[in-house]
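# Commentary on secondary and tertiary structure
So the chains spell out like this:
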Amino acid sequence: MNRTLALSLCITALTLIQRVSAQRLTSQLETYDLATGQRSIVHRDTVRFEAPNWTNDGRFLIINQGGKLYRVILKTGQKEVINTDFATACNNDHGLTPDGKTLIISHNDKRVTAGANSRVFTLPASGGVPRLITEQAPSYWHGVSPDGKTLAYVGERTGADGKRDYDIYTMPITGGTTETRLTTAPGLDDGPDYSPDGRYIYFNSIRSGRMQIWRMNADGSAPTQLTNDGYANWFPHPSPNGRYIVFISYVEDQGSAHPADKDVMLRLMDLQSGTLRELARFRGGQGTINVPSWSPDSRKFAFVSY
């Protein structure tokens, strides 16, 4: 075999190996302990799963995988499917009401035939038939008020100028046809999550030119920017005790996108002092910490690394 042919075969083999390696995926459901800084793996799989919620009894984490929702036992890592009836195209925007009795899901509803089709539904936390909450699509759930009466979500709608934009809306958990728009700034607003006292909604916005963390009053007034750095910051989640917010930061700016499998950090903001602390770096992004995932005692939170 001549050297040119041998070199060509080596390059071809190396390319194939790199392609196969790139297609391999390991998803890790982890918890982070604030007191010790320890990361603990609860569940690992070679398929993509996303967005853990911590149940308020402290026993389970809820994730989405392949359009379905699963309950993962914290002590054993075993998972069991949650019955969501017709809703078998659930995305990673899901969570629980404060009393733990109701599961809120965002389901890609095929009955919506134009554009993105995610709509918000509720069902019993133990499983059951979902009930439609948001008539308009797309709608992606992210937060619920502490009294459990109001849902905060992101929706893409057509404005008075005829342009489509993503903004933050609220709707009574009982549903209806009238939604309340909270943000009007041009560009993407996303990830709304209520403070535990119900006074504020934390969110991320690109209105200042780069995706940063913001806070506004629960009625949408007085928006205030909380971070201002070179990272792309997404999905702020207040701890149940009101002391911290945890959020994800892309190391490189992603514009208005939040893609998967990028170099990211988890960071913690102390709301009393305003100081920021980096907690961990890994490959992640979309699916890592889209929705509320704090433990009920505020000592830990859950996330997914890839």
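Description of the structure in this document. Everything quoted here is computed from the prediction, not taken from an experiment.

### Focus on the side chain of Ser 106
With respect to the secondary-structure elements, Ser 106 resides in strand β8 (residues 102-108). Assessed through its relative accessible area of 0%, Ser 106 is described here as buried. Only 2.8 Å separates the side chain of Ser 106 from the backbone oxygen of Asp 93, close enough to count as a polar contact. Once residues lying within four places of it in the same chain are set aside, the contact partners of Ser 106 are Ala 89, Cys 90, Asn 91, Asp 93, Ser 118, Arg 119, Val 120, Ser 139, Tyr 140 and Trp 141.

### Overview of unusual backbone geometry
Between Ala 137 and Pro 138 the backbone carries a cis peptide bond, its omega angle lying at 0°. Here Pro 138 is to be found in the loop between β10 (131-132) and β11 (139-144). Non-glycine residue Asp 85 carries a positive phi angle of around 55°. Within the element layout of this structure, Asp 85 appears in the loop between β6 (79-82) and β7 (95-96). Classification of Asp 85 by relative accessible area gives partly exposed; the value is 42%.

### What to know about the pairing of β8
Within β8, 5 of the 7 residues are buried, which leaves it mostly tucked inside the rest of the structure. Of the pairings in the sheet, the one linking β7 to β8 comprises 2 bridges and is antiparallel in character. By the bridge assignment for β8, Gly 95 is matched with Ile 104. The loop that links β7 with its antiparallel partner β8 comprises 5 residues; one of these, Gly 100, has a positive phi angle of about 75°. Note: β8 against strand β9 (residues 118-124), 7 bridges, orientation antiparallel.

### Describing the packing of aromatic side chains
For the structure shown, the criterion picks out 7 aromatic pairs. Centroid distance Tyr 32 to Phe 301: 5.5 Å. Interplanar angle 20°. Geometry classified as stacked. Here the residue Tyr 32 occupies a position in strand β1 (residues 27-33), and Phe 301 occupies one in strand β23 (residues 300-305), the gap between them amounting to 269 residues. According to the relative accessible area criterion, Tyr 32 is buried, its value standing at 4%. Centroid distance Phe 86 to Phe 121: 5.8 Å. Interplanar angle 70°. Geometry classified as edge-to-face. Here Phe 86 is found in the loop between β6 and β7, whereas its partner Phe 121 is found in strand β9, with 35 residues between them in sequence.

### Examining the sheet that holds strand β15 (residues 189-194)
Strand order in the open sheet made by the 4 strands is β15-β16-β17-β18, with antiparallel pairing throughout. Each of the sheet's edge strands pairs with one partner strand only, and the pair in question is β15 and β18 (224-225). Across 2 bridges, strand β17 (residues 212-217) lies against β18 in antiparallel orientation. Bridged to Arg 215 within β18 is Thr 224.

Rules used in this analysis
- Residues numbered from 1 in each chain as written.
- Predicted model: local features only at pLDDT ≥ 70, side-chain atom pairs only at ≥ 80, totals over all residues.
- Heavy atoms only, no water.
- Helix = DSSP H or I, 4+ residues; strand = E, 2+ residues; numbered from the N terminus.
- Buried < 20%, exposed > 50% of the residue type's maximum accessible area, 1.4 Å probe, protein only.
- Polar contact = N/O pair within 3.5 Å; in protein donor to acceptor, adjacent residues only side chain to side chain.
- Contact = heavy atoms within 4.5 Å.
- Pairing = 2+ DSSP bridges.
- Phe/Tyr/Trp six-rings, centres within 6.5 Å; stacked < 30°, edge-to-face > 60°.

Limitation: the analysis is restricted to geometry and does not speak to function.
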